[in-house]
Each structure stands twice: as structure tokens, then as C-alpha cells.
Amino acid sequence: MINRIREIRKARSLTLAELGAACDPPTTAQTIGRLETGMRSLSTKWMERIGAALEVDPQVLVRPEDERRAQVVAELGSGEPEPLATPREAILPTEIAAREGEAPMLVLEITAAVGEYRPGDMLWLRRIEADGDDGDMAGAMNRDCLVPRAGGRFAFGRLIDRKGTLVGILPAQAGQKQQVIDNPPWIALATMLVRPL
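What this report covers is the structure whose coordinates are included nearby. (Residues numbered from 1 in each chain as written. Predicted model: local features only at pLDDT ≥ 70, side-chain atom pairs only at ≥ 80, totals over all residues. Heavy atoms only, no water.)

Here Trp46 lies in helix α4 (residues 44-54). By relative accessible area, Trp46 is classed as buried at 11%. Each C-alpha atom of the pair Trp46 and Ile5 lies 11 Å from the other, and the pair is 41 residues apart in sequence. The contact partners of Trp46, leaving out residues within four places of it in the chain, are Thr27, Thr31, Leu35, Arg40 and Ser41. (Helix = DSSP H or I, 4+ residues; strand = E, 2+ residues; numbered from the N terminus. Buried < 20%, exposed > 50% of the residue type's maximum accessible area, 1.4 Å probe, protein only. Contact = heavy atoms within 4.5 Å.)

Here it is, written out as C-alpha cells:
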């Protein structure tokens, strides 16, 4: 089995110390480094702790050796693309999806040019409960969201207001007025855009 903790940690833009601090109970950067390199055995207990800290299913932290995966070969910053000393596996959207017990990620397929989105775009969304953790809702403010409405319809746009059970959405289409949805069961927060070239 191949240990994928480092690739997933880097995809989440976390340092060793940040990942260690996010574990419950917290651990050291040195311990995380040893688990990543295989110098310390990766037990089921460690996989559960690290998976929870990375917000992934613990099963994606390892994969069979014979499974072929897309490779990240370079990083593009403000200058030219820089080759990686050692290519690493690309992390698929489904692998950073919901943790065990959470709703699976949702996908909104864009079929027409709407705001900053183009036809063919696939917008991956993480579902959060509207009456759940206030931290999740605060993190959704001023971000694009999909919100269920009455009659099996949806509202999509920037979450701009929340008062009690009312949620205000500014549609992505130009010239549209704010939509107010009363007591939606959940809100899906845009987390990743996949755009074909």
C-alpha cells in the first residue's frame, strides 16, 4: 500500500505542524512526518485521526501499489512552472469529498455562460446543514452556494445574508434581484471548479 498523507496534506495547503494541531488529540509535526514517510506505522487509529483532521475518508490515505494515478509534475507560481523533484499523485475531488457519515459532495453542471462560469464547467459543492455549525455557515458567507427551494427548485449565487431561518442569495446572473429562501434544509458551498479547456 502507498501512503498518501503528504499529497493530501499538500492539496489542503497544510504544514506538518498545522495537520498535527488539527488532529484530535493534537500531535507533533515530527510524528506526522514519520507517519508520512513510513518511519512510524500507520495504524487504523492514526488513519482515523488524520482523516478527520484532513476532512477525508480515512480509506483515501492509502492506495494499492498497482493502481495508476494522474501525477502532479510541476507547480506554477508567479514565474515559470517549477518541476517537482519527485512527482506526486493528484488528489481527485471525490477523495476530498465528505467524511464518513456526511452527505456526499454535490456537482452543479454549468450549461450556459453565467457570471464567471462557462458552459462545461463542473462546480463541486460541499453540503452543510443550514441549522448546523455556525462556523460552517460563517465560512459560506460571500461565497457561491446552491440552496434548495420549495417545489424541487434551487437558487444559486453568492450567499450574502442570513437572519434566523432566512437565507439571502445574490444570483450569479447579471441584473437579477436577491432571492430569499426561508428555512432551507441545507446549503451546498462551492469548493472546487473543474473546467475543461
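Generally, phi is negative for residues other than glycine and the peptide bonds are trans, each holding for most cases. For the bond running from Asp24 to Pro25, omega is 0°, close enough to zero to count as cis. Checked against the element boundaries, Pro25 lands in the loop between α2 (16-22) and α3 (29-37). Non-glycine residue Ser13 carries a positive phi angle of around 60°. Along the chain, Ser13 falls in the loop between α1 (5-11) and α2. The backbone phi angle of Asn183 is positive, close to 55°, even though this residue is not glycine.

Moving on, we get to the pattern of salt bridges. Counted under the stated rule, the structure contains six salt bridges. Note that Asp161 is salt-bridged to Lys163, the shortest N-O span being 3.8 Å. Looking at Asp161, the relative accessible area reads 27%, which means it is partly exposed. The structure contains a network of salt bridges with shared partners spanning Arg6, Arg9 and Glu36. (Salt bridge = Lys/Arg side-chain N within 4 Å of Asp/Glu carboxyl O.)

Looking now at the environment of Asn183. Mapping Asn183 onto the fold places it in the loop between β10 (179-182) and β11 (186-194). Along the chain, Asn183 and Thr27 lie 156 residues apart, while their C-alpha atoms are 39 Å from each other.

For the rest of this paragraph, the subject is α4. Taken residue by residue, α4 has Trp46, Met47, Arg49, Ile50, Gly51, Ala53 and Leu54 as its buried positions. Those residues of α4 hidden inside the fold are in contact with α1, α2, α3 and β2 (62-63). Among the residues trailing α4, Glu55 stands out with phi positive, at a value near 60°.

Grouped together as the largest cluster of nonpolar side chains are 16 residues, with contacts concentrated most on Ile8, Leu19, Ile50, Leu54, Val56 and Leu61. Looking at this core, the elements with two or more residues in it are α1, α3 and α4. Counting residues per element, this core draws most heavily on α4, at five residues. Setting aside residues up to four positions removed in sequence, Ile50 forms contacts with Ile5, Leu19, Cys23, Ile32, Leu35, Leu42 and Leu61. Core analysis: the next-biggest nonpolar cluster, separate from the first, contains twelve residues, Leu159, Ile181, Ile187 and Leu189 among them. (Core = buried A, V, L, I, M, F, W, Y, C linked by side-chain atoms within 4.5 Å.)

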